[in-house]
Amino acid sequence: LTKTNMLHHPRIEIQEWGGDTITHVVATESANTLYSSPELAFSKNTVNYFRKLGIGSGGTWIGPVVIDTCRFNAIPTITASRVSPKVAVAYCAYSPTGELYLQRNDVDIWYRSSDSIGLSWSPPVNITQYPRSAASYSAFTEVKCLYDLGGFLHVVWYARPIPRDVYDSANFFWDDLQ
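Residues numbered from 1 in each chain as written. Predicted model: local features only at pLDDT ≥ 70, side-chain atom pairs only at ≥ 80, totals over all residues. Heavy atoms only, no water.

Student: Could you give me a rundown of the overall build of the chain, with the residues and numbers involved?
Tutor: What the chain contains, in helices and strands, is two helices and 10 strands. Starting at the N terminus, the α and β elements of the chain follow one another as β-β-α-β-β-β-β-α-β-β-β-β. With 178 residues in all, the chain has 45% of them scored as buried. When contacts within the chain are restricted to residue pairs at least 6 apart in sequence, long-range pairs at least 24 apart make up 53% of them. (Helix = DSSP H or I, 4+ residues; strand = E, 2+ residues; numbered from the N terminus. Buried < 20%, exposed > 50% of the residue type's maximum accessible area, 1.4 Å probe, protein only. Contact = heavy atoms within 4.5 Å.)

Have a look at this one:
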């Protein structure tokens, strides 16, 4: 990180696996340091992952590992399984049409997962992909995730209904959704 960049929305998860304690951290890095600036919503942000093996002052931090670079204040969340070496990061990013029209309220939910306590990561997966040509939904700017005791990942988010052909609707205003 440089002095001009800022990490925000950090999330921490502790995992015990194979006799080790792993601290997982995910945060968004932004070059824009003004939250009230409209440029923040449309600037590129990086979802960064850090991990530490060991507890206390012992152990070594690894990172940042770039989970994704997206044009959105991604607000990531992280979870680690209690029964396997799995770790997952979920976050918000513009939908393809949100990116095209620079519409900050047109959002999809993404995740990446690791089966190796954060050592390697799957490619990003867009789990919403809501259509814009049919009445559907748009995810809001918050997402949560967790692994259950069976080792299955659950991702939860709030979504708001939007009309068919939302960008051609004269009766719809995105900011009414807030």
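Student: An account of the side chain of Ser138 is needed here, citing residue identities and associated values.
Tutor: Mapped onto the secondary structure, Ser138 falls in strand S9 (residues 136-147). Judged by relative accessible area, which is 0%, Ser138 ranks as buried. Once residues within four sequence positions are removed from consideration, Ser138 is found in contact with Asn105, Asp106, Val107, Tyr130, Arg132, Tyr158, Ala159, Arg160, Ile162 and Trp174.

Student: So, the state of the cysteines: which residues are in play, and what are the values?
Tutor: Taken as a whole and judged by the stated rule, the model has zero disulfides. There is no disulfide at Cys70, and the cysteine sulfur nearest it, in Cys92, is 8.8 Å away. (Disulfide = S-S within 2.5 Å.)

Student: Account for unusual backbone geometry, naming residues and giving values.
Tutor: Note the cis peptide between Gly63 and Pro64, where omega equals 10°. Phi at Asp165 is positive, roughly 45°, even though this residue is not glycine. Summarising the element assignment, Asp165 is placed in the segment after strand S10 (153-162). Residue classification places Asp165 among the partly exposed residues on the basis of a relative accessible area of 26%.

Student: Can you break down the side chain of Ser95 residue by residue, with the values?
Tutor: Considering the arrangement of structural elements, one finds Ser95 in the loop between strand S6 (87-94) and helix H2 (96-101). Residue classification places Ser95 among the buried positions, given a relative accessible area of 2%. A polar contact is formed between the side chain of Ser95 and the side chain of Asp106, at a distance of 2.8 Å. Apart from the residues within four sequence positions on either side, Ser95 is in contact with Asp106, Val107, Asp108 and Arg132. (Polar contact = N/O pair within 3.5 Å; in protein donor to acceptor, adjacent residues only side chain to side chain.)

Student: Please give an account of the sheet that holds strand S1 (residues 6-17) that cites residues and values.
Tutor: Across the sheet, four strands lie side by side as S1-S2-S3-S4; this open sheet has antiparallel pairing. Two strands in the sheet have a free side with no partner beyond their single neighbour: S1 and strand S4 (60-70). Here the strands of the sheet are splayed against their neighbours by 20° on average, with no regard to which way each runs. In this structure, strand S3 (residues 45-53) lies alongside S4, joined through eight bridges in antiparallel fashion. (Pairing = 2+ DSSP bridges. Axes fitted to C-alpha atoms, helices over the stretch in contact; angles between N-to-C directions.)

Student: An account of the pattern of salt bridges is requested, with residue identities and associated values reported.
Tutor: Between side chains of opposite charge, pairing is possible as soon as their charged atoms come close. A complete count under the given rule lists four salt bridges for this structure. Between Glu13 and Arg82 there is a salt bridge, with the nearest N and O atoms lying 3.1 Å from each other. Residue Glu13 is found in strand S1, and its partner Arg82 is found in the loop between strand S5 (77-80) and S6; the two are separated by 69 residues along the sequence. You can call Glu13 buried: its relative accessible area is 14%. Residues Asp106 and Arg132 are paired through a salt bridge, measuring 2.3 Å at the closest nitrogen-oxygen approach. Residue Asp106 is found in the loop between H2 and strand S7 (107-114), and its partner Arg132 is found in the loop between strand S8 (125-126) and S9; the two are separated by 26 residues along the sequence. We note that Asp106, like Arg132, is buried. (Salt bridge = Lys/Arg side-chain N within 4 Å of Asp/Glu carboxyl O.)

Student: Go over the packing of aromatic side chains with me, naming the residues and quoting the values.
Tutor: The relation between two aromatic rings is expressed through the spacing of the ring centres and the mutual angle of the planes. A complete count under the given rule lists four aromatic pairs for this structure. Between Tyr101 and Tyr167 the ring centres are 4.1 Å apart and the planes differ by 15°, which places this aromatic pair in the stacked class. Of the two residues, Tyr101 sits in helix H2 while Tyr167 sits in the segment after S10, which places them 66 residues apart along the sequence. (Phe/Tyr/Trp six-rings, centres within 6.5 Å; stacked < 30°, edge-to-face > 60°.)

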